[in-house]
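Chain by chain, the residues:
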Amino acid sequence: MERIIAQTLAGFETISLDALNAKAAMLERLDNKYIATATKFAPVLQAFAAHFDVLEIDGKRAFTYATRYYDDAELRGYYDHHQGRRKRCKVRVREYVDAGFSYLEVKLKDKRKITVKKRLKVGDTRNPMNDAARTFIEENYRAIYAEAFGKTLHPVIAMRYERITLVAREGGERLTIDIGLRFEANDVVRDVGPEMFIIETKSARGNGIADRILRNDHLHPTRSCSKYCIGMASTGLVSRQNRFLPALRRLRLSEAA
């Protein structure tokens, strides 16, 4: 199936990383996530070629992401999401393995329920949660929610996957395809089968070209499909996970670790 996906992507025009960042950084967006098997998604992917270009760097079109998420001792980042609170914050350090750099990323929800992502380049990956990082998190949290963040963070889970990125030729829309997810926490490792894809659309209004193509082929968004929360639930780090059970079942991660 990887060969079929690669053959399909061969029909796409390409876009460079600099052009992507200039055109569609999408640090403020509405997201929809879809879970699909490779068999179901491969024919749909062909329809995107008329509207989207694929990110290519040094001849590669799939890139390795290694991410470590941070939370406090009470795991409020997880439980705020589980309870559907608007005021919630995810903090991660993401390594763009192929490109050789890392960012501290802070994801928040504003009053319009739009995802706001703020990034800070990380120089020392051995000590990413330093004073500069803590100040960056505090300032961005306060800017959105007008109150102090006030949490002491520590690493809780790591994940790794391959990502393909498509960029719309018009309108600044993006779509990512994540394959081969692996979650690691407390000596527990959970792998998502290579036949399962997580597709995420990112657009200004949450109903872009990609969403229409997917829905026309009877693929519909999966609610509560945060990779952080799915990883926490599937590795047994949390006591409550009902909100994420549909996504866990679709990814075939609902069985005990």
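None of these values were measured; they are calculated from a predicted model. (Residues numbered from 1 in each chain as written. Predicted model: local features only at pLDDT ≥ 70, side-chain atom pairs only at ≥ 80, totals over all residues. Heavy atoms only, no water.)

Draft legend 1. Here's a closer look at the packing of aromatic side chains. Under the counting rule described, the total for this entry stands at 13 aromatic pairs. If you follow Arg119 out to its NZ or CZ, it ends over the ring of Tyr103, 4.0 Å from the centre. (Phe/Tyr/Trp six-rings, centres within 6.5 Å; stacked < 30°, edge-to-face > 60°. Lys NZ or Arg CZ within 6 Å of the ring centre and 35° of its normal.)

Draft legend 2. Broad picture of the side chain of Lys202. Secondary-structure assignment places Lys202 in strand E11 (residues 196-203). Residue class for Lys202 comes out buried when judged on its relative accessible area of 3%. Engagement of the side chain of Lys202 in a polar contact is seen with the side chain of Glu200, the distance being 3.3 Å. (Helix = DSSP H or I, 4+ residues; strand = E, 2+ residues; numbered from the N terminus. Buried < 20%, exposed > 50% of the residue type's maximum accessible area, 1.4 Å probe, protein only. Polar contact = N/O pair within 3.5 Å; in protein donor to acceptor, adjacent residues only side chain to side chain.)

Draft legend 3. Spotlight on the nonpolar core. Residues Tyr78, Ile157, Phe183, Tyr228, Ile230, Met232 and Leu251 are the most contacted members of the largest nonpolar core, which totals 35 residues. Listed by contribution, the elements that provide at least two residues to this core are strand E4 (63-71), helix H4 (76-82), strand E8 (154-168), strand E9 (174-185), E11, helix H7 (227-234) and helix H8 (245-250). Each residue touching Ile157, except ones within four places of it in the same chain, is listed here: Thr67, Arg68, Tyr69, Phe183, Glu184, Ala185, Tyr228, Gly231, Met232 and Thr235. Grouped together as the second largest cluster of nonpolar side chains are 25 residues, Leu45, Val54, Ile164 and Leu214 included. (Core = buried A, V, L, I, M, F, W, Y, C linked by side-chain atoms within 4.5 Å. Contact = heavy atoms within 4.5 Å.)

Draft legend 4. Molecular detail of helix H5 (residues 131-145). Across its 15 residues, H5 extends 21 Å between first and last C-alpha, which sits within 8% of the 21 Å expected from 1.5 Å per residue. Among all positions in H5, only Ala133, Phe136, Ile137, Asn140, Tyr141 and Tyr145 are buried. Around the axis of H5, the buried residues are gathered within 130 degrees of arc, so they sit on the same side. Counted as exposed and oriented over 90 degrees from the buried face of H5: Asp131, Glu139 and Ala143. If you follow the buried residues of H5, they end up packed against strand E5 (89-96), strand E6 (101-109) and strand E7 (115-122). (Expected span 1.5 Å × (residues − 1). Arc of directions from axis to C-beta.)

Draft legend 5. Highlighting the pattern of salt bridges. In this structure the tally under the stated criterion is 19 salt bridges. One salt bridge in this structure joins Asp98 and Lys60, with 2.6 Å as the shortest N-O distance. Here the residue Asp98 occupies a position in the loop between E5 and E6, and Lys60 occupies one in the loop between strand E3 (52-55) and E4, the gap between them amounting to 38 residues. Relative accessible area serves as the criterion here: at 36%, Asp98 is assigned to the partly exposed category. Of the residues examined, Lys60 reaches a relative accessible area of 37% and is grouped as partly exposed. (Salt bridge = Lys/Arg side-chain N within 4 Å of Asp/Glu carboxyl O.)

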